[in-house]
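Residue-level structure breakdown
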There are 2 protein chains.
Amino acid sequence: MIASSETDSNMYYATRFLAPDPFIYLKTGGRSCLLMSDLEIDRARSQAKVDAVLSYSEYEQKTKRGGPSEFMDVVYDFLQEKGVREATVPASFPLAYGDALRARGIALSVKREPFFDERVIKSKEEVDAICKAQSAVDAAMDLLRNAEIREGFLYLNGSVVTSESIRRVLHLHLMEKGCVAQHTIVACGSDACDPHNEGYGPLRADEPIIFDVFPKSSESRYYADMSRTVVKGKASDSLKRLYDTVLEGQLLGISRVKNGAHGKEIHEEIMALFDSHGYKTGQVGGRMQGFFHGTGHGVGLDIHEPPRISKSDWILQKGEVVTVEPGLYYPDIGAVRIEDMVWVNENGCTNLTTYNKILEIK
Amino acid sequence: MIASSETDSNMYYATRFLAPDPFIYLKTGGRSCLLMSDLEIDRARSQAKVDAVLSYSEYEQKTKRGGPSEFMDVVYDFLQEKGVREATVPASFPLAYGDALRARGIALSVKREPFFDERVIKSKEEVDAICKAQSAVDAAMDLLRNAEIREGFLYLNGSVVTSESIRRVLHLHLMEKGCVAQHTIVACGSDACDPHNEGYGPLRADEPIIFDVFPKSSESRYYADMSRTVVKGKASDSLKRLYDTVLEGQLLGISRVKNGAHGKEIHEEIMALFDSHGYKTGQVGGRMQGFFHGTGHGVGLDIHEPPRISKSDWILQKGEVVTVEPGLYYPDIGAVRIEDMVWVNENGCTNLTTYNKILEIK
């Protein structure tokens, strides 16, 4: 791998060492080693969970061919010295580096995600890290209870409550708990009908508000992910029916998750349930309606990682952490999404998200 | 490009549209278009700064070859329909996609960074965004002034001041101002001798503390970057001399920045200055000492982007924003780094960082 471990989770997973600039990881003959810049080498030697940390600048001294491709010359000489003629790289390996190594005679084959098979299987420690990030979300979610309704809008301490103000308070709460949250969704009314719209402007009473919060722990670097849909005030009957249907689909999905289950079958079963209740999916007037995203995705060092519960083929395995988050979106009724994270086991799963599911907040 | 615009700044630069999962960008015949999932298509149509947004699922319907490589089949059919036989991709283009497209007969050539030449040249609006993030740093920096010294440690409101507590307050301040900061360095004593060590534990009086703060504005997505070295209490004479030397080198560097200047020459001139003052660079007792990182890097949508002022060859251009941040690190004296961001113009540069440079804080 040649990547920065701050942006590439495989690199972080393999080394447990954080650095902002790309560095080089090689595993050969069962031994892992890093080639590090002078800037990072001492820190890498004390922190990285690898067998050896070597100096890039020492190899550079030896190579000294100069010119714009010197970096890849150094990498090549390093591989030569290690006797490496062929290597397996992640799907995300940069094409520029791939071309340069192949041009020098190194055979590269690409392994699709998961690059490290064991990364999708979460240990107790990893699940604890995910749960800790999750508990920070739970603690930050009770904001709307204290709001009061005036003329259809929500007020807190005399100020109108907006998507932005709730998001800001959520982010501050999460930071207090050592988590960084970005792009948190607090979307009301028509904003919420676009599943990745973050939401803007005043929140309205009696309308669905989707919260989708996915903070990353600064310490462990693991994510949590939860969505809830709530109404401050009174939900319409059609919205209540929509909510109950999504919840039924979500609970159905959770009941199907177990070792060996097919993600695609779970997704299709929820789709069929929604359809049987009359909730159709497709374009209406040039806009998507219904259930038009996947049911779930793995959560770990990346917010979206394998496995998937979606149109794609994935077989769930014991130890994976995956979300179950169906949603239904109709501009004339409203939008509902409910999301928990579950930990797959032999015969079912453990729900890691304990936050309640109640549509109306008084 | 095939990338997520949340992680790939070229994709964000080209589209000004944020999405967490990879999508497809093609520019051909002067027209830019996106191929988007059902989940993102409506939001992309309203927000993305491109000429057309097309539906991935409509192409998928047409392709329907099935199998694990269907995604690349769809991309290929899309390119075929657009009459694309060859394409230029960024250096970071994933090797897996590169191999798949070439196997289908599309010729790919890689363009090194900067992929978009114009991205390194900052407009007034971009510089304003960078300055706004910078002003958030300035406002958060005055924390140490209020601390008091007791028995060699710092106290604020009765509690001992640590790297972690200062970092936390800085991050909260920055978040209040709409910026996300991570990996902020507040490193004292020997921690600071490792330039990317974030710093841990109680801060000590009379010892250098390096602050390196590089928040990203959540709104504009531009970074700022600043470093300062301070002592709460009294600096030793040898540390004062080290500080004065780094400051001399930094001011020398800033005075050399202008359109057409060679980054490498500036870096080497600072190196030579340090050397002439007796500050040598190299390994001592298995640990790097002296000035062993680059002098500067571009700042924009990425915290580290072209140009560089370092060992590499780069010619500075009018409109670039680049840091000037030499440092000297000696475990027996201390560590000093001073960093400003400057905006390159025809005959010099404008310093965007106005925060004062004073070693001792009383």
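These figures come from a predicted structure and were not determined experimentally.

Let us now look at the interface of chain A and chain B. Taken together, the contacts link 49 residues of chain A with 49 residues of chain B. Carbon and sulfur atoms supply 54% of the area that chain A and chain B bury against each other, a total of about 4200 Å² over both sides. Of all residues in chain A, A:L39, A:L95 and A:H196 give up the largest surface area on contact with chain B, accounting jointly for 16% of the area buried on that side. Where chain A meets chain B, there are six salt bridges. Residues A:R102 and B:D99 are paired through a salt bridge, measuring 2.7 Å at the closest nitrogen-oxygen approach. Counting every contact that joins chain A to chain B gives 19 residue pairs in polar contact (both at pLDDT 80 or more). At the level of secondary structure, the elements contributing two or more residues to the side of chain A that touches chain B comprise α2 (38-47), α3 (56-63), α5 (95-103), β6 (107-111), α7 (163-176) and β16 (287-289) of chain A. In terms of residues, the side of chain A that touches chain B owes the most to one element, α2(A), which gives seven residues. Of the residues contributing to the side of chain A that touches chain B, the split by class is 19 nonpolar, twelve polar and 18 charged.

Turning next to the pairing of strand β19 (residues 321-324) of chain B. Residue and element names in this part refer to chain B. Side-chain alternation along β19 places V321 and T323 on one buried face and V322 and V324 on a second face that is also buried. Relative to strand β22 (residues 340-344), β19 is paired through four bridges, and the arrangement is antiparallel. When the bridges of β22 are listed, V322 appears paired with V342.

Residues and elements named next belong to chain A. Enumeration according to the criterion identifies three cavities of 30 Å³ or more in this entry. Empty space within the largest cavity amounts to approximately 90 Å³. Surrounding the largest cavity, M141, L144, R145, F211, R228, V230, Y355, N356, K357, I358 and I361 form its lining. Residues that form the lining of the largest cavity fall into these classes: seven nonpolar, one polar and three charged.

A separate point is the relation of the copies chain A and chain B. In screw terms, the move from chain A to chain B is a rotation of 180° and a rise of 0.0 Å along the axis, fitting with an RMSD of 0.0 Å. Taken together, these values place the two copies in the relation of a two-fold axis. Proximity to the rotation axis, assessed at the C-alpha, singles out A:L95 in chain A; its C-alpha lies 2.2 Å from the axis. Interface residue correspondence from chain A to chain B reaches 100%, placing this contact among same-surface, isologous pairings.

For the rest of this paragraph, the subject is the packing of aromatic side chains. Under the definition given, this model contains 20 aromatic pairs over all chains. Look at A:F71 and A:Y97: their rings are 5.6 Å apart centre to centre, the planes differ by 50°, and that puts the pair in the tilted class. On the criterion of sequence distance, the pair formed by A:F71 in helix α4 (residues 70-81) and A:Y97 in helix α5 is long-range, its members being 26 residues apart. Taken together, A:Y56, A:F71, A:F93 and A:Y97 form an aromatic cluster joined through their ring pairs. Taking NZ or CZ as reference, A:K62 lies 4.2 Å from the ring centre of A:Y59, over its face. In this arrangement the basic side chain of B:R150 is found over the ring face of B:Y155, its NZ or CZ atom lying 4.2 Å from the centre.

As a further point, take the side chain of B:S4. Residues and elements named next belong to chain B. Among the secondary structure elements, S4 is positioned in the loop between β1 (2-3) and α1 (9-15). Separated by 3.1 Å, the side chain of S4 and the backbone nitrogen of E6 make a polar contact. Among all residues touching S4, those that are not within four sequence positions of it are M11, A19, P20, D21 and P22.

Before going further, it helps to spend a moment on the domain arrangement of chain A. A common measure of how large an interface is: the accessible area buried when the components associate. Residue and element names in this part refer to chain A. For chain A, the domain assignment lists domain 1 (2-115) and domain 2 (119-361). Once you take the C-alpha centre of each, domain 1 and domain 2 turn out to be 38 Å apart. With both sides pooled, the region where domain 1 packs onto domain 2 buries about 840 Å², and carbon together with sulfur makes up 56% of that total. If you look at where domain 1 meets domain 2, you find zero salt bridges. Counting across the interface, domain 1 meets domain 2 through five residue pairs in polar contact (both at pLDDT 80 or more).

Basis of the calculations
Residues numbered from 1 in each chain as written. Chains lettered and ligands numbered in written order. Predicted model: local features only at pLDDT ≥ 70, side-chain atom pairs only at ≥ 80, totals over all residues. Heavy atoms only, no water. Contact = heavy atoms within 4.5 Å. Buried area = accessible area lost by both parts, 1.4 Å probe. Salt bridge = Lys/Arg side-chain N within 4 Å of Asp/Glu carboxyl O. Polar contact = N/O pair within 3.5 Å; in protein donor to acceptor, adjacent residues only side chain to side chain. Helix = DSSP H or I, 4+ residues; strand = E, 2+ residues; numbered from the N terminus. Nonpolar A, V, L, I, M, F, W, Y, C, P; charged D, E, K, R; others polar. Buried < 20%, exposed > 50% of the residue type's maximum accessible area, 1.4 Å probe, protein only. Pairing = 2+ DSSP bridges. 1 Å grid on protein atoms, 1.4 Å probe; cavity = no way out; pocket = protein on both sides within 12 Å on 5 of 7 lines; lining within 4 Å. Points joined across faces, edges and corners; volume = space filled by probe spheres on them. Least-squares fit on C-alpha atoms with pLDDT ≥ 70 in both. Phe/Tyr/Trp six-rings, centres within 6.5 Å; stacked < 30°, edge-to-face > 60°. Lys NZ or Arg CZ within 6 Å of the ring centre and 35° of its normal. Domains from an automatic or database assignment.

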